[in-house]
Amino acid sequence: MRIPAAGLLAVAGLTLISCGSPGADNGAAEEITVFSAASLNEAFDALATEFENEHDMQVNLNFGGSSSLVEQINSGAPADIFAAADERTMSWVENTAGKPVVFASNSLVLVTPEDHSAGIDALADTIGTQLVVCAPEVPCGAAAQQAFEQAGVKLSPVSEENSVSDVYGKVLSGQADAGVVYRSTVQEDDPVHVVEAPQLSAVVNKYPIVQVSDDELAQEFMEFVLSDRGQQVLSDAGVGGR
Amino acid sequence: MKTPQRDRPTGNAGRVAVGSPWLTTVVGVVVAVGLLVPFLALVVDISPSQVPGLLATEAARDALWLSLRTSLVATVVVLVLGTPLAVFLTRSRFWGRSVVRSLVILPLVLPPVVAGIALTTAFGRRGLIGAQLEAWGLSISFTTLAVVMAQVFVSLPFLVVALESTLASNGDRYEKVAQSLGMSPVKSFFAVTLPLLGPGLVSGSVLTFARALGEFGATITFAGSLQGTTRTVPLEIYLQRETDPDAAVALSLVLMVVAIVVIGFAYSTRVNAQTAGARG
């Protein structure tokens, strides 16, 4: 009997998918999976590289919006470690292997495109311009709202994005006149102009980290993040200490 | 229709419906059930009595109203722009026609976020055309116009493809007769071609509307997301997931029901048109 070609194709496709997972076979003996808030991208890339070099193993990183990550973890995604963008989101994780600890902090800055064409030098200057912020539903947006309230400036954005990287992208591309992002979002060589505002620096966002599985390596990774060396790596990436 | 004349069965055989062989029936049933599971899960996830409450928020109502308005406008724009385009692509012969046709169909297969980036590089504030418009004081990014543009861009191919197949099956004999009797080409387009396009126009515009209603990637990339201005239902669903998953599910259900109605409508008109065509 002839096996239908479509069936063969389907089987071949499934085989390809199941063999194609990244990092499945690179010679490393062990691996852990770290779920992290998108705003910690650069910091965790650096932490993972250093940890991998010290231990002969692989750190898989999954970056995303904190609440989506919580949803994934609660649905059984294989996370060993979870670093959230704020304590509120962290409280939604159902099962953990330990208590969350604050390991880093971040504050907000106002960024404008490099040419600084809209002449924005303070929060109040953003009124009537193409200001882009995070939506109040996500941590970076809640923080921005708080800062503008404290400054007594009406927050009037043209767009409320889902993540801080979406906001930053719109500033980098020049679509927005200004954006409110985390200090750690801005890397040294990025073509943006940073506007300091005391009300923005005053809103300090605390990042908690938690061990989800009781894996031994996960425990070691937690210790590394909280160690002096780990904190140094974080601050090099622009994230404040705890 | 070009059917092979050789071995043509005689008598009644041609009228007996050919059923689905066991193989396609078995696989077909399994696939259909498999496809239904995620939708059933969505329905089971919340009790129907919760839905009105979850949709009563101002944000949800704003999103629904914005989605309906923009999708309707986009559909009208696509009809006005897409119909001549489809006729032009089907009826005229010129060098590079297949390339132009591929480019028109491109948004159909492109990831919507790529469509959004393309629109931004063209019509964004620093874009090829956008920079000039900006100099004239016209800014498209972050406006409802940007939402409609994104919807038009991604849904235009649906109408073009639908009309192309209708035009191909209609042929041009009626136009030839009309023009041989002295009707001008433009007049014969309105008096003959357009009325004959009816079924294609209906199914094409229904699919266009459905695609516009579901548009997400190009919108969030090109237009941004602001309640009442650019945050359509798919964007609202994506945002609600962050804080209120139940509200996201309720909105998803609404979008799903609208899509089912729309597809059912388009499918029945198409099938009717085909059987009518076969009979006529």
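**Student:** Can you walk me through the packing of aromatic side chains in this structure?
**Tutor:** Aromatic ring pairs are reported here in terms of the distance separating the ring centres and the angle at which the planes meet. Residue and element names in this part refer to chain A. Applying the stated criterion across every chain, the model contains 10 aromatic pairs over all chains. Consider the rings of phenylalanine 44 and phenylalanine 221, whose centres lie 6.3 Å apart with planes at 45°: the pair is tilted. You can see phenylalanine 44 sitting in helix α2 (residues 41–54) and its partner phenylalanine 221 sitting in helix α8 (residues 216–226), a full 177 residues away along the chain. Judged by its relative accessible area of 0%, phenylalanine 44 is buried. Given a relative accessible area of 0%, phenylalanine 221 falls into the buried group. Taken together, Phe44, Phe51, Phe103, Tyr182, Tyr207, Phe221 and Phe224 form an aromatic cluster joined through their ring pairs.

**Student:** Mind showing me how you'd approach helix α5 (residues 112–123) of chain B here?
**Tutor:** Residue and element names in this part refer to chain B. Counted at 1.5 Å a residue, the expected span for α5 with its 12 residues is 16 Å, and the 16 Å between its end C-alpha atoms agrees. Taken as a whole, α5 has its buried residues at Ala115, Gly116, Leu119, Thr120 and Ala122. Buried residues of α5, seen end-on, are gathered within an arc of 165° and therefore sit on one face of the element. The inward-facing, buried residues of α5 contact α6 (130–135), α7 (144–170) and α11 (217–222).

**Student:** Help me out: how do you make sense of the pairing of strand β2 (residues 57–64) of chain A in this one?
**Tutor:** Working note: regular strand, side chains alternate between the two faces of the sheet. Residue and element names in this part refer to chain A. Where strand β1 (residues 30–37) and β2 come together, 8 bridges link them in parallel fashion. Considered in β2, the bridge of alanine 37 is made with glycine 64. Taken together, β1, α2 and β2 form a β-α-β motif whose crossover is right-handed.

**Student:** Help me understand the state of the cysteines in this model?
**Tutor:** Between two cysteines, a covalent bond joining their sulfur atoms is known as a disulfide. Residue and element names in this part refer to chain A. Applying the stated criterion across every chain, the model contains 1 disulfide over all chains. Linked covalently through their sulfurs, cysteine 134 and cysteine 140 form a disulfide whose S-S length is 1.9 Å. One quick way to see it: the torsion about the S-S bond of cysteine 134 and cysteine 140 is about -95°, and its sign makes the bridge left-handed. For the pair cysteine 134 and cysteine 140, one class covers both residues: buried.

**Student:** Explain the pairing of strand β5 (residues 131–134) of chain A to me, please; I cannot follow it from the model alone.
**Tutor:** Residue and element names in this part refer to chain A. Burial of the side chains of β5 extends over both faces: Leu131 and Val133 are buried on one face and Val132 and Cys134 on the other. Judged from the 2 bridges that link them, β5 and strand β7 (residues 178–182) form a sheet pairing that is parallel. Pairing of valine 132 across the sheet is with glycine 179, part of β7. Bridge count between β5 and strand β6 (residues 159–161): 3 bridges; the pairing is parallel. Considered in β6, the bridge of valine 132 is made with serine 159. Tracing the backbone out of β5, into helix α5 (residues 139–151) and back to the parallel element β6 gives a crossover that is right-handed.

**Student:** Which parts of the structure should I look at to understand the nonpolar core?
**Tutor:** For soluble globular proteins, nonpolar side chains are generally found buried alongside one another. Within the largest apolar cluster, 62 residues are counted, with the highest numbers of intra-cluster contacts made by Phe44(A), Phe103(A), Leu110(A), Val180(A) and Phe221(A). Contacts of Phe103(A), omitting those with residues within four sequence positions, involve Leu40(A), Phe44(A), Ala83(A), Tyr207(A), Pro208(A), Ile209(A), Val225(A), Leu226(A), Gln231(A), Leu234(A), Gly241(A) and Arg242(A). Formed by 21 residues, the second largest nonpolar core is a distinct cluster that contains Phe209(B), Leu213(B), Leu253(B) and Val262(B).

Procedures and definitions
- Residues numbered from 1 in each chain as written.
- Chains lettered and ligands numbered in written order.
- Predicted model: local features only at pLDDT ≥ 70, side-chain atom pairs only at ≥ 80, totals over all residues.
- Heavy atoms only, no water.
- Phe/Tyr/Trp six-rings, centres within 6.5 Å; stacked < 30°, edge-to-face > 60°.
- Helix = DSSP H or I, 4+ residues; strand = E, 2+ residues; numbered from the N terminus.
- Buried < 20%, exposed > 50% of the residue type's maximum accessible area, 1.4 Å probe, protein only.
- Expected span 1.5 Å × (residues − 1).
- Arc of directions from axis to C-beta.
- Contact = heavy atoms within 4.5 Å.
- Pairing = 2+ DSSP bridges.
- Right-handed = clockwise from strand over helix to strand, strands pointing away.
- Disulfide = S-S within 2.5 Å.
- Core = buried A, V, L, I, M, F, W, Y, C linked by side-chain atoms within 4.5 Å.

Limitation: the analysis is restricted to geometry and does not speak to function.
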